[in-house]
Amino acid sequence: MAGFFNYLGANPFILLFLTVGLAIWIGRQSIAGYGLGMVAAAIIVGCGLSVWASVYGVKLELNNFTKSMFYYLFMYGVGLRVGPSFVNSLGGDGLRFTGLAVVSCVIGLALVVVGAQLLDLPPGAAGGILAGSQTMSAAIGSAEEAVNAGVVALPPGTTPEQVSSMIALSYGITYIWGTVGIILITKYLPTWWGVDARAAARDYEVKHGVASGDAPALSAWSPGGVRAYRLENSEWDGKPIGALLRANPEYRVVNVVRKGDKLGVSDDLVLQLGDVVALGGRRETMTEKMGLIGPEVSDRQALDIPLDQAEILVTNRDMLKLTHRELRALPDVNQIQLVKLERGGVTLPIGTDTVLQRMDVLTLVGLKDAVSRVGALFGRVVRPSTATDLLTLSIGMVLGFLIGAIQFPAFGASIGLGNAGGLLVSGVIISSLSSRLRFFGNTPNAARNVLEDLGLVVFVAIVGINAGNSLLTQLTGLLAVKIFLVGFIACSVPPVIVWAIGYHVFKMNPAVLMGGVAGARSHSGPCREAAVEIQSNVPWIGFPVAYAVSGVLLTVFGYFAMILGS
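Keep in mind that this is a model prediction, so the values were computed, not measured.

S.K.: Summarise the overall build of the protein; cite the residues concerned and give the values.
M.R.: What the protein contains, in helices and strands, is 21 helices and 12 strands. Taken over 566 residues, the protein has a buried fraction of 52%. Total accessible area on the protein stands at roughly 24,600 Å², and carbon and sulfur atoms take up 62% of it.

S.K.: Please give an account of unusual backbone geometry that cites residues and values.
M.R.: The phi dihedral of K507 falls on the positive side, at around 55°, and the residue is not glycine. Examined against the element boundaries, K507 turns out to sit in the loop between α18 (477–505) and α19 (510–520). The phi dihedral of Q535 is positive, around 55°, even though this residue is not glycine. Tracing the backbone through its elements, the reader meets Q535 in the loop between α20 (524–534) and α21 (544–564).

S.K.: Go over the environment of T174, please, and point to the residues and values.
M.R.: Within the secondary structure, T174 sits in helix α8 (residues 160–192). Sequence separation between T174 and S133 is 41 residues, and the spatial gap between their C-alpha atoms is 5.3 Å. Those residues in contact with T174 that lie beyond four places of it in its chain are G128, I129, G132, S133, I483, F484 and G487.

S.K.: Explain the pattern of salt bridges to me, and be specific about the residues and the numbers.
M.R.: Scanning the model with the defined rule gives 5 salt bridges in all. Among the ionic pairs, E533 bridges to K187, the shortest N-O distance being 3.7 Å. Placement of E533 in helix α20 and of K187 in helix α8 is noted, with a sequence separation of 346 residues between them. A relative accessible area of 17% means that K187 is categorised as buried. Across the pair R258 and D275 runs a salt bridge whose closest N-O atoms are separated by 2.8 Å. A residue pair is termed long-range when its members are at least 10 positions apart, and R258 in strand β2 (residues 251–258) and D275 in the loop between β3 (261–262) and β4 (276–282) qualify at 17 residues. Assigned by exposure class, R258 and D275 land together as buried.

S.K.: For a nonpolar patch on the surface, give the residues involved together with the corresponding values.
M.R.: On the surface, F484, L485, F488, I489, V493 and I497 cluster together into a nonpolar patch covering about 450 Å² of accessible area. Mapped onto the fold, F484 is located in helix α18. For F484, a relative accessible area of 38% puts it in the partly exposed group.

S.K.: Quick rundown of the environment of G294? Include the residues and the values.
M.R.: Within the element layout of this structure, G294 appears in the loop between β4 and β5 (296–297). In sequence terms G294 and L231 are 63 residues apart; their C-alpha atoms lie 5.1 Å from each other. Among all residues touching G294, those that are not within four sequence positions of it are Y229, R230 and E232.

S.K.: Any details on the side chain of N466? Residues and values, ideally.
M.R.: Among the secondary structure elements, N466 is positioned in helix α16 (residues 445–467). A relative accessible area of 15% means that N466 is categorised as buried. Among the polar contacts listed, one links the side chain of N466 to the backbone nitrogen of L62, at a separation of 2.9 Å. The residues contacting N466, other than those within four sequence positions of it, are L60, E61, L62, N64 and S165.

S.K.: Quick rundown of the packing of aromatic side chains? Include the residues and the values.
M.R.: Enumeration over the complete set of coordinates arrives at 15 aromatic pairs. Seen in terms of ring centroids, Y559 and F560 are 5.7 Å apart; in terms of plane orientation they differ by 70°. Their pairing is edge-to-face. Through a chain of ring-to-ring contacts, three or more aromatic side chains come together here, namely Y71, Y72, F74, F401 and F459. Above the plane of the ring of F97 lies R96, whose end atom (NZ or CZ) is 5.9 Å from the centre.

S.K.: Describe the pairing of strand β6 (residues 307–314), naming the residues involved and giving the relevant values.
M.R.: Of the pairings in the sheet, the one linking β6 to strand β9 (residues 361–367) comprises 7 bridges and is antiparallel in character. Paired with L307 across the two strands is L367, which belongs to β9. Judged from the 4 bridges that link them, β6 and strand β10 (residues 379–382) form a sheet pairing that is antiparallel. Across the sheet, the residue bridging to V314 is G379, located in β10.

S.K.: Describe the environment of F378, naming the residues involved and giving the relevant values.
M.R.: By secondary structure assignment, the location of F378 is in helix α13 (residues 368–378). Spatially, the C-alpha atom of F378 lies 6.4 Å from that of M319, the residues being 59 residues apart in sequence.

S.K.: Which residues make up the packing of helix α1 (residues 2–10) against helix α2 (residues 12–28), and what values do they have?
M.R.: The contact between α1 and α2 brings their axes to 5 Å, and the two run at 105°. By the angle between their axes, α1 is roughly perpendicular relative to α2. Contacts from F4, Y7, L8, G9 and A10 in α1 reach P12, I14, L15 and L18 in α2. The class makeup of the residues in the contact of α1 with α2 is 8 nonpolar, 1 polar and no charged.

S.K.: With reference to specific residues and values, describe the nonpolar core.
M.R.: Core analysis: the biggest nonpolar cluster contains 81 residues, and L60, Y71, M75, L121, Y171 and M562 have the highest contact counts within it. When residues in this core are grouped by element, the largest group, 11 residues, is from α16. Residue contacts for Y171: discarding those within four places in its chain leaves V39, A40, I43, G128, A131, G132, S137 and I140. By size, the runner-up hydrophobic cluster in this structure holds 23 residues, among which are A201, Y204, I534 and V549.

S.K.: Explain α21 to me, using residue names and the numbers behind them.
M.R.: The first and last C-alpha atoms of α21 sit 29 Å apart over 21 residues, in line with the 30 Å expected at 1.5 Å per residue. Here α21 lies mainly inside the structure; 18 of its 21 residues are buried.

S.K.: Lay out the side chain of E145 in plain terms, naming residues and giving numbers.
M.R.: Secondary-structure assignment places E145 in helix α7 (residues 138–148). Excluding residues within four positions of it along the chain, E145 makes contact with Y72, G418, N419, A420 and Y559.

Rules behind the numbers
Residues numbered from 1 in each chain as written. Predicted model: local features only at pLDDT ≥ 70, side-chain atom pairs only at ≥ 80, totals over all residues. Heavy atoms only, no water. Helix = DSSP H or I, 4+ residues; strand = E, 2+ residues; numbered from the N terminus. Buried < 20%, exposed > 50% of the residue type's maximum accessible area, 1.4 Å probe, protein only. Areas by Shrake-Rupley, 256 points an atom, 1.4 Å probe, with all protein chains shown as cover. Contact = heavy atoms within 4.5 Å. Salt bridge = Lys/Arg side-chain N within 4 Å of Asp/Glu carboxyl O. Patch = residues over 30% accessible without salt bridge, like charges linked within 9 Å, V, L, I, M, F, W, Y side chains within 5 Å. Polar contact = N/O pair within 3.5 Å; in protein donor to acceptor, adjacent residues only side chain to side chain. Phe/Tyr/Trp six-rings, centres within 6.5 Å; stacked < 30°, edge-to-face > 60°. Lys NZ or Arg CZ within 6 Å of the ring centre and 35° of its normal. Pairing = 2+ DSSP bridges. Axes fitted to C-alpha atoms, helices over the stretch in contact; angles between N-to-C directions. Parallel < 35°, antiparallel > 145°, perpendicular 65-115°, else oblique. Nonpolar A, V, L, I, M, F, W, Y, C, P; charged D, E, K, R; others polar. Core = buried A, V, L, I, M, F, W, Y, C linked by side-chain atoms within 4.5 Å. Expected span 1.5 Å × (residues − 1).

Encoded structure:
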């Protein structure tokens, strides 16, 4: 094995991607539905390989520039993702979920800092415990930023490398309960309070028209339809299409075929007996006036109408005041179908009382002209594109580094957001601006996901590899117990307090609140398990805003945990 580890030490690229590959493979494995995930697995695999190599006298280490570069790309990607939701959280109903997120994050930070000081934990432990107990891997990087910036006073004889190793060690010890604990707590909070969350979800579904969680993923039902009829009703012979539609506003004529020729559609087109008219409308209205035109026919030429699918970025403030039921009454809406609503990258259940927010993304399917007209009414029509605006990426990165360089006096030293925090803020700014301008800053979701996923797993893998060199010299059984105890408390207490505030103070629906608790911890796993437990999609309604806010706060709090916990 010594030869193998010597080879890895001499070939850092193979070492890096071997660690990443193993981490992804191990992270996909699960026991009883629970798994480590690739990020936690990257710490374990990296540390494991490094410790194993040290047994043979081989020191595995990777370049810190590479580590920082991938982490900075990850932080910028996070800013791009949470930007619109973070901005929306600052007003309206989002303030309640913002409050829950702030309470959860502040209490978690306070418990970690107090625990680290009371138990006299070594430098770096507070940052790692915060990252692990709150399942916020990005906080590892902000904790290291505090060390690199020199705002953390290190005891004599303690090196930055040892502090980095302690961050990784503390993260690994606390992450497992941080992941499993929040899932179990969120799942059973309603039971502890004597609340029937399943009944609350059903009540919410009925009241707000939200589809239940056991609805089929694919359904033969659709809200609208298009059918072809042969004109045999002499009432409309010689009349223009406009007259037909004025008398029957619930319908839309989408095509007319006469003697094998497509005539298209215009209000002044005069109908003749024998024309085949393709009529569109809501499903319920299609059967209300049977015989209005004539018998239904199967005419492929009339029904061969081009359909379109597009994502609509909501920017028109006038649309925000309308409920889903009111939106369905708008012109041309009966020629399209809303198939998905996303807020902050999270898919939300669609109910009859769903109210839109700016920067929501609607996925529409329907007649091409109708999709374009409705899209323009709501805001910006976004066509699928695989191109990434690399100029904007570069500008955003430079802006982030400039923001991170700003410092101000606090805690007896000059501190600032650092490069990581600056890039997070820059991503929020760029994503908010690009969502308002049509031809600026396009970053497809796939490209953003590469920035986040690859950036984080590579960064954490390098942290693990570099930390393993001094791991054995720092780890003792008593220290591990102390770290786990602080992480256990920091993970378990905030969700209970958040639930109590949401239930008793904000009077939230318990099913919605389950999603709010999960979002306040910036972890989708508890929300997913809650939805399965109560067999409803309602928890996802409370998730996005709290998720965006807590993701930003916990990332920044890794920096302050290092300062306050030392």
